[in-house]
Amino acid sequence: SSGINAEYGAEVEVPLTLGAIKTQVVTETVTESTSSQQNELKLDNETFEKVKSLAQQGHTKSQFRLGIHYIQIEDYGQGMRWLERASSMGDMQALFKLAAMHYDGVGTLPNLTKGVEMLKEVAAGTDPVFQYLIPHAHYNLGMAAFMGFGMKQSDEVAEHYWLLAGKEGDPDGSTAAQSQLGMFYTRRDTKDVRKAFYWHYFAAENGSLESKGALGVMYYRGIGCAPDKELAFKSLCEASEQGSLFAQGNLVVYYYESRLFTRAAHCAWSVAQTESLEEAAEKSGCLIEYIRRGVALGCFYYARCLYTGKGVQKNENEAHKYFAKAMATCSETAAELNQKLKNDEL
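Residues numbered from 1 in each chain as written. Predicted model: local features only at pLDDT ≥ 70, side-chain atom pairs only at ≥ 80, totals over all residues. Heavy atoms only, no water.

Enquirer: Looking at this structure, how should I read helix H2 (residues 45-56)?
Expert: The end-to-end C-alpha distance of H2, which contains 12 residues, comes to 16 Å, matching closely the 16 Å that a straight helix rising 1.5 Å per residue would cover. Listing the buried residues of H2 in full gives Phe48, Val51 and Ala55. Seen from one end, H2 has its buried residues packed into an arc of 75 degrees, which puts them on one side. Among the exposed residues of H2, those pointing more than 90 degrees away from its buried face are Glu46, Lys50 and Gln56. Where H2 is buried, its residues meet helix H3 (60-72) and helix H4 (76-88). The distance from a side-chain oxygen at the start of H2 to the backbone nitrogen of Glu46 is 3.3 Å, and the residue carrying that oxygen is Asp44. One or two positions beyond H2, positive phi appears at Gly58, with a value near 95 degrees. (Helix = DSSP H or I, 4+ residues; strand = E, 2+ residues; numbered from the N terminus. Expected span 1.5 Å × (residues − 1). Buried < 20%, exposed > 50% of the residue type's maximum accessible area, 1.4 Å probe, protein only. Arc of directions from axis to C-beta. Contact = heavy atoms within 4.5 Å. Polar contact = N/O pair within 3.5 Å; in protein donor to acceptor, adjacent residues only side chain to side chain.)

Enquirer: Please explain the confidence of the model for the protein chain as it appears in this structure.
Expert: Interpretation of this model should avoid reading the predicted coordinates in detail wherever pLDDT is low. Mean pLDDT for the protein chain: 89, with 88% of residues reaching 70 or above. Confidence drops under pLDDT 50 across residues 1-27; counting only partners more than four residues distant or on other chains, this segment forms 89 contacts. Contacts from residues 31-38, a stretch scored under 50 in pLDDT, to residues over four places away or in other chains number 7 contacts. (pLDDT = per-residue confidence, 0-100.)

Enquirer: Could you clarify how one ought to interpret the nonpolar core in this entry?
Expert: In globular proteins that are soluble, nonpolar side chains generally tend to be buried together. Grouped together as the largest cluster of nonpolar side chains are 97 residues, with contacts concentrated most on Leu83, Trp162 and Ile291. Of all the elements, helix H16 (residues 288-308) adds the most residues to this core, at 12 residues. Core analysis: the next-biggest nonpolar cluster, separate from the first, contains 7 residues, Val51, Ala55, Leu66 and Trp82 among them. (Core = buried A, V, L, I, M, F, W, Y, C linked by side-chain atoms within 4.5 Å.)

Enquirer: Would you mind going over the environment of Ser154 with me for this structure?
Expert: For Ser154, the location among the structural elements is in the loop between helix H7 (134-147) and helix H8 (155-166). For Ser154, a relative accessible area of 15% gives the class buried. Considered as a pair, Ser154 and Met143 are 11 residues apart in the sequence and their alpha carbons are 10.0 Å apart. When neighbours within four sequence positions are excluded, Ser154 is seen to be in contact with Ala145 and Phe146. In terms of polar contacts, Ser154 uses its side chain to reach the backbone amide nitrogen of Val157, at 3.0 Å.

Enquirer: Which parts of the structure should I look at to understand the packing of helix H13 (residues 245-257) against H16?
Expert: In helix packing, the relevant descriptors are the interaxial angle and the interaxial distance, both defined with respect to the helix axes. Put simply, H13 and H16 touch, their axes get as near as 7 Å, and they point 30 degrees apart. What the angle tells us is that H13 and H16 run roughly parallel. You can see that H13 and H16 cross each other, and the crossing is left-handed. Mapping the contact onto sequence places Leu245, Phe246, Gly249, Asn250, Val252, Val253, Tyr256 and Glu257 in H13 and Tyr290, Ile291, Arg293, Gly294, Val295, Leu297, Tyr301, Arg304 and Cys305 in H16. A class-by-class count of the residues in the contact of H13 with H16 yields 11 nonpolar, 3 polar and 3 charged. (Axes fitted to C-alpha atoms, helices over the stretch in contact; angles between N-to-C directions. Parallel < 35°, antiparallel > 145°, perpendicular 65-115°, else oblique. Left-handed = near helix turned anticlockwise from the far one by under 90°. Nonpolar A, V, L, I, M, F, W, Y, C, P; charged D, E, K, R; others polar.)

Enquirer: Whenever I open this one, the environment of Ile223 confuses me. Can you help?
Expert: Along the polypeptide, Ile223 turns up in the loop between helix H11 (209-221) and helix H12 (229-241). Linking Ile223 and Thr186, residues 37 residues apart in sequence, is a C-alpha distance of 9.7 Å.

Written out as structure tokens, the structure reads:
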């Protein structure tokens with residue numbers, strides 16, 4: 001853990017952490033084209049011999065493909081050697097991959113500083129063929145600066161890199177950076193809810209499941225925008241259908257506050273059945289902090305339905321079980337909701 005505290009403002013029901021796990025820093029997916037995606041696959045025997053022959057003759061793209069092949073079969077020494085040869089010939093894909101390996105300690109001892117220096121080299125590249133990599137390098141440099149891994153911790157430097165990576169919401173920018181900026185501007189120290197809405201909006205448009213769920217909450221609560229329950233419902237439904245437990249948990253809140261208790265109870269029960277947050281994160285690609293909050297919402301509201309008999313048969317013993325699960329899943333969320341209960345706001 002980076003030691004950065006998760007911050008939750010009771011008035012803003014959007015998760016405000018940035019996922020303080022080192023190995024998330026240099027793992028943003030980079031896609032270029034179908035041919036590039038094929039480069040990521042292991043080679044069959046016949047193709048391997050052809051690629052190896054071309055690589056030995058100095059064909060840079062083949063050196064990259066051969067390096068990736070060796071990494072796929074976990075021969076990291078050979079993999080890194082071929083990637084180093086490709087990167088020395090100016091292949092920025094190879095350099096980006098090496099940066100990730102050094103940073104995360106894959107096939108080599110972790111060397112955060114070296115990983116960061118390599119990312120800076122990718123970001124400074126001028127070859128038009130590899131321009132698509134630059135926003136992803138900027139995103140990862142922003143994460144490194146935010147967490148203080150491989151460089152001095154600095155919110156300002158992180159913001160600078162993410163703004164470069166986000167490219168004003170352009171689809172060619174880094175969607176991960178756009179989403180991170182949405183979260184960054186809902187932190188207490190860097191709060192600007194209009195900017196948060198702006199970045200979540202574009203990140204959601206560009207395919208971020210995280211931001212689509214956050215956007216639904218922002219529309220619903222009028223955070224950084226005028227309240228719009230119709231758009232809130234649309235965003236939360238779309239994100240829920242795509243597997244966002246955060247959106248599903250907030251859809252429960254939407255149903256409950258709209259007094260659609262049967263729907264609320266059904267949806268809450270479904271969310272509350274989540275057992276492994278890690279598995280859910282892996283399956284959906286969402287940050288675990290979002291999942292934690294969504295599941296806690298589901299557990300708490302299902303407990304409330306059971307306790308009051310709204311939308312489901314009353315069962316106080318079961319209610320206590322789900323209240324406890326909400327607290328165990330995300331104590332901040334459960335504490336906020338308990339406070340709302342005490343204030344007669346639920």
